[in-house]
Amino acid sequence: MRWLLQRRVSFSTTLSKFRQGFGFIQTCGLVNVKLKWVKDKELDAVVVREKHLKAVCNLVSLISSSHDTKAPIFHLNTHRGQLGLPQELKLAAFLRRYPNIFVENCCRDSAGTRVPCFGLTPEAIDLYSEEADVLRVNEEDVLSRLCKLLMLTSERTLPLHSIDHLRWDLGLPYDYKALLRKEGLVESDGDHHMAFPVKFTRGFGLKRKSMEWLQEWQRLPYTSPYVDASHLDPRTDLSEKRNVGVFHELLHLTIGKKMERKNVSNLRKPFALPQKFTKVFERHPGIFYISMKCDTQTVILREAYDRRHLLERHPLVDIREKFANMMNEGRLDRSRGLYRKSVEADLGNKSSKITYPDWSEEEEEESENYGISRYESDCSVAEDIDMVPAGQRPRWQ
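Residues numbered from 1 in each chain as written. Predicted model: local features only at pLDDT ≥ 70, side-chain atom pairs only at ≥ 80, totals over all residues. Heavy atoms only, no water.

Thoughts on the overall build of the protein
Item 1. Scanning the protein from N- to C-terminus turns up 14 helices and 10 strands.
Item 2. Taking all 397 residues of the protein together, the buried fraction comes to 48%.
Item 3. A fraction of 70% describes how many contacts in the protein between residues 6 or more apart in sequence connect residues 24 or more apart.
Item 4. When the accessible surface of the protein is totalled, it reaches about 21,400 Å², and 51% of it is carbon and sulfur. (Helix = DSSP H or I, 4+ residues; strand = E, 2+ residues; numbered from the N terminus. Buried < 20%, exposed > 50% of the residue type's maximum accessible area, 1.4 Å probe, protein only. Contact = heavy atoms within 4.5 Å. Areas by Shrake-Rupley, 256 points an atom, 1.4 Å probe, with all protein chains shown as cover.)

Here's what the structure looks like:
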């Protein structure tokens, strides 16, 4: 019995010293722990269902702000960099995928060449008006999140091009720059102990050593992302926990609680973060999930989702889901040939019939039946010659 008690006391003493050593390393160094990446189908589905949604919503905003709510293809092409579409995909071909959102007409440029011109369907106009109402009602919320974003930076400033990259994730209006002129205050909390909610993918096996490290890491002091952290050594777990807090807060500021990894990487200097700071996403898969879908890496805040359902839904999320449903319906109708039949019915017995080829994921090319050079495609059903005033039509070389 005495031997058993001595063994227990000895084991407890050893474990206590081990934990103290672990804590010392975490405070004065960075523990070398690697956790495996495990695919999460539910969170991957969140990313996949929004494929090209950003491009469609941006195009709807562009067309709505254009003259007579119509825009020629060369005008839309100047904003292609904001859409995130594959380079090999022609913009006119992309717009024709969704005939229940975009209406194609025709206008002439300064050289008299017929070019495609796109407007919006009544359903799309109504949904865009609903989105504008949501943004107007939630203007204070937008301003508050913008102020918090600026407070996360070391200099309390952020270049406009950096905010442009985050506009979609933050749910900012297309003319958000007007809001930046307003002032806002954000309270910060200072240092305290904070444990982050942790959720692992089903079937994720965590080794005992990794579990002990994570438990000790959670007990480390937490430095608020809104206070100066220049006194922290970037090579310690203590500093890493502060970096996790920065990204935890950043993702919370987004309406979908997710963001492309490349957009996060652009914030290294404004946030005064060390090199390779995004490694925290890989070291903490219970807090963040990295989706590899849609030819990009998307960082998702795990605690914000129950399977594939967002727990705290911003009103703008509902609007975007309606747009996504319209995209799916339009693509299905197009693939079934329903749009081609409706076009032919509208044309009646006119000799000049227009054929819209069925679209598929494998075939991104759009046929060029009309031989209109310089531009991606030709005109379709109707022609609106007065769409672009002569003095405002750019001459393309």
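Now, onward.
Notes on the sheet that holds strand β1 (residues 71–72)
Item 1. Strand order in the open sheet formed by three strands is β1-β3-β2, with antiparallel pairing between adjacent strands. One side of each edge strand has no neighbouring strand; the edge strands of this open sheet are β1 and β2 (102–108).
Item 2. With seven bridges connecting them, β2 and strand β3 (residues 114–120) associate as antiparallel partners. Among the inter-strand pairings, F102 is bridged to a residue of β3, identified as L120. (Pairing = 2+ DSSP bridges.)

A short note on the sheet that holds strand β6 (residues 258–260)
Item 1. As summarised here, the arrangement of the three strands in space is β6-β8-β7, forming an open sheet in which the pairing is antiparallel. Unpaired on one side and paired on the other, β6 and β7 (288–291) mark the two borders of the sheet. Ignoring strand direction, the axes of neighbouring strands in this sheet form an average angle of 20°.
Item 2. Relative to strand β8 (residues 298–301), β7 is paired through four bridges, and the arrangement is antiparallel. Bridge pairing in β8 places I290 opposite V299.
Item 3. Together, β6, β7 and β8 form the strand contacts of helix α2 (residues 41–48), whose direction differs from that of β7 by roughly 60°.
Item 4. Helix-sheet contacts for helix α10 (residues 237–253) involve β6, β7 and β8, and the interaxial angle to β8 is about 90°. (Axes fitted to C-alpha atoms, helices over the stretch in contact; angles between N-to-C directions.)

Here's the deal with the packing of helix α7 (residues 139–152) against α10
Item 1. Two numbers describe how α7 lies on α10: the axes approach to 10 Å, and their chain directions differ by 160°. Put simply, α7 runs roughly antiparallel to α10. For the crossing formed where α7 meets α10, the hand is left-handed. Contact residues: R145, K148, L149 and L152 in α7; V246, E249, L250 and L253 in α10.
Item 2. Grouping the amino acids of the contact of α7 with α10 by side-chain chemistry returns five nonpolar, no polar and three charged. (Parallel < 35°, antiparallel > 145°, perpendicular 65-115°, else oblique. Left-handed = near helix turned anticlockwise from the far one by under 90°. Nonpolar A, V, L, I, M, F, W, Y, C, P; charged D, E, K, R; others polar.)

So, the side chain of S64
Item 1. Looking at the secondary structure, you find S64 in helix α3 (residues 53–64).
Item 2. On the basis of relative accessible area, S64 is assigned to the buried category, the value being 18%.
Item 3. Non-local contacts of S64, meaning those with residues more than four positions away in its chain, are made with T69, L120 and Y128.

What to know about the packing of helix α9 (residues 208–219) against α10
Item 1. Across the interface, α9 lies against α10 with an axial gap of 10 Å and an inter-helix angle of 75°. The angle between the axes of α9 and α10 places the two elements in the roughly perpendicular class. Side by side, α9 and α10 meet where W213, W217, Q218 and R219 of the first sit next to D237, E240, K241 and V244 of the second.
Item 2. Here the residues of the contact of α9 with α10 sort into three nonpolar, one polar and four charged.

Some words on empty space enclosed by the protein
Item 1. If you walk through the whole model with that rule in mind, you get five cavities of 30 Å³ or more.
Item 2. There is about 160 Å³ of room inside the largest cavity.
Item 3. Taken together, 13 residues make up the lining of the largest cavity; nearest its centre are E50, I255, G256, K258 and V317.
Item 4. For the lining of the largest cavity, the secondary-structure elements that each account for two or more residues are α8 (160–170) and α13 (315–335).
Item 5. The biggest single contributor to the lining of the largest cavity is α13, with three residues.
Item 6. When the residues that make up the lining of the largest cavity are grouped by side-chain class, the tally is five nonpolar, one polar and seven charged. (1 Å grid on protein atoms, 1.4 Å probe; cavity = no way out; pocket = protein on both sides within 12 Å on 5 of 7 lines; lining within 4 Å. Points joined across faces, edges and corners; volume = space filled by probe spheres on them.)

Re the pattern of salt bridges
Item 1. Within this structure, the stated rule accounts for 17 salt bridges.
Item 2. Between R96 and E104 there is a salt bridge whose closest N-O contact spans 2.7 Å.
Item 3. For R96, a relative accessible area of 7% gives the class buried.
Item 4. R283 is paired through a salt bridge with D237; the nearest N and O atoms lie 3.4 Å apart. Here the residue R283 occupies a position in helix α12 (residues 279–283), and D237 occupies one in helix α10, the gap between them amounting to 46 residues.
Item 5. In the salt-bridge network here, residues are joined through shared partners; they are E42, R307 and R308. (Salt bridge = Lys/Arg side-chain N within 4 Å of Asp/Glu carboxyl O.)

So, the pairing of β2
Item 1. Of all seven residues making up β2, five are buried, and the element is well covered by its neighbours.
Item 2. Connecting β2 to the antiparallel partner β3 that follows it, the hairpin turn spans five residues, and G112 within it adopts a positive phi of roughly 85°.

Some details on the packing of aromatic side chains
Item 1. Scanning the model with the defined rule gives five aromatic pairs in all.
Item 2. For the pair F94 and Y98, a centre-to-centre distance of 5.4 Å together with 75° between the ring planes defines the contact as edge-to-face.
Item 3. Its relative accessible area of 0% is what places F94 among the buried residues.
Item 4. A relative accessible area of 0% means that Y98 is categorised as buried.
Item 5. Their ring planes at 20° and their centres at 5.5 Å tell us that F247 and F277 sit as a pair that is stacked. Placement of F247 in helix α10 and of F277 in the loop between α11 (261–265) and α12 is noted, with a sequence separation of 30 residues between them.
Item 6. The class of F247 is buried, set by a relative accessible area of 1%.
Item 7. Residue F277 is classed as buried on the basis of its relative accessible area, which comes to 6%. (Phe/Tyr/Trp six-rings, centres within 6.5 Å; stacked < 30°, edge-to-face > 60°.)

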